[in-house]
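Coordinates in review
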Amino acid sequence: MQEITRSLRTLWLIFKHEFNLYFVSPIVYLIGAVWLFLAGGFFSLSLVTMNEGFAEPSMIGMLSPMVFLMIFIAPALTMRLISEELRTGTHELLFTAPVRDWEIVVGKWLAVWAVFTVFILATAAQPAILLLRGNPDPGLILTGYLGLWLMGGATLAIGVLASATTQYQLVSFMITMGILIVLWLAQVVTRVFNNMTVNDILRELSITSHFQNMVHRALINPLDIAYFIGLIVIALFLATQILSTRRWSA
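In short, a report on the structure. (Residues numbered from 1 in each chain as written. Predicted model: local features only at pLDDT ≥ 70, side-chain atom pairs only at ≥ 80, totals over all residues. Heavy atoms only, no water.)

Considering the packing of aromatic side chains
Note the following rule: Between 30 and 60 degrees the pair is tilted, below 30 it is stacked and above 60 it is edge-to-face, where a pair is any two Phe, Tyr or Trp rings, Trp via its six-membered ring, whose centres lie within 6.5 Å. Only runs of H or I of at least four residues qualify as helices and only runs of E of at least two qualify as strands under DSSP, and these elements are numbered from the N terminus. Working definition: with a 1.4 Å probe on protein chains only, accessible area under 20% of the residue-type maximum means buried, over 50% means exposed, and in between means partly exposed.
This model, assessed by the stated rule, comprises 11 aromatic pairs. When the centroid spacing of 5.7 Å and the interplanar angle of 15 degrees are considered together, the rings of Phe 15 and Phe 19 count as stacked. Of this pair, Phe 15 and Phe 19 are both found in helix H1 (residues 2–22), four residues apart, which corresponds to roughly one turn of the helix. Judged by its relative accessible area of 18%, Phe 15 is buried.

Here's the deal with the nonpolar core
Inclusion rule: Remark: nonpolar core denotes a set of buried residues (Ala, Val, Leu, Ile, Met, Phe, Trp, Tyr, Cys) joined through side-chain atoms within 4.5 Å. Whether two residues are in contact is decided by their heavy atoms: any pair within 4.5 Å suffices.
Counting 65 residues, the largest nonpolar core has Trp 35, Leu 77, Trp 109, Phe 116, Leu 148 and Phe 228 as its most contacted members. Here this core gets 12 residues from one element, more than from any other, and that element is helix H9 (residues 138–164). With near-sequence residues (within four places) excluded, Trp 109 lies in contact with Gly 153, Leu 156, Ala 157, Val 160, Ile 232 and Leu 236.

A closer look at the side chain of Thr 166
We apply this condition: Each polar contact in these results corresponds to two N or O atoms within 3.5 Å; when the atoms are within protein, one needs to be able to donate a hydrogen and the other to accept it, and residues that are neighboring in sequence are counted only if both atoms are side-chain atoms.
Turning to its location among the elements, Thr 166 is positioned in the loop between H9 and helix H10 (169–189). Using a relative accessible area of 9% as the deciding quantity, one classes Thr 166 as buried. Polar contacts involving the side chain of Thr 166 include one to the main-chain amide nitrogen of Tyr 168, which spans 3.1 Å. Filtering out sequence-adjacent residues up to four positions away, Thr 166 remains in contact with Ser 83, Leu 86, Val 171, Ser 172 and Arg 246.

A short note on H10
Side chains that are three or four residues apart share a direction in an α-helix, a result of its 3.6 residues per turn. Counted only if it meets this: To estimate the expected span of a helix, subtract one from its residue number and multiply by 1.5 Å.
Taking 1.5 Å per residue, 21 residues should reach 30 Å; H10 reaches 30 Å between its end C-alpha atoms and fits that length. Along H10, the positions that sit buried rather than exposed are Ser 172, Phe 173, Thr 176, Met 177, Leu 180, Leu 183 and Ala 186.

Structural notes on helix H7 (residues 101–121)
Helix length check: H7 (21 residues) gives 30 Å between terminal C-alpha atoms against 30 Å at 1.5 Å per residue, within 8%. In terms of burial, H7 is a largely internal element, 16 of the 21 residues being buried.

Listed below in structure tokens is the structure:
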């Protein structure tokens, strides 16, 4: 019990430090401004199509493009998390402190996921407007936002993994973007192959297909939830192993 309490306290301290650090940097405000501008733009375009009778009232028009936007947002938010520690040498202080590697990784990931959650909450006006002016399916809005939140957690975990591999932020940015592009394109590649087995595998690997399942359906599929949680667990586990290797080689 004492170990659990100690770990939770350590996670809280790392989380609080990293979360506060984001909001003293202008980069998070720039990213947030871009996020809100594009989200507002997509929502406005979807309103036009709804007003002209070409679509039912929903948040699909705003949420669907967000998976592509995360290819750029996730690397920008995570590229400094561990890379900066490695570049400045402050990681050696962490290694000598009574902090476990997984606590460092998870604490930093929770902080950036919390920042992304703030971004999501900042778009709450859009579904509120839709509910006031139209008759959308509340379940579809909730599953869509849940999908966006989980997809954000998964892409940010991949960013933390990339940040643990290098001391250079630009390299971390490119690695994260490369992995996310592969996961994004996996569904597109299914149009090339005629083999059903290959297509099914690619579709299951695609972050786009699982995200779109939650955006377009008012039902929560456990397989989609498991996919995002699996990505998070694998990415954070690998990041922890890389950090452990650095600790023993330091």
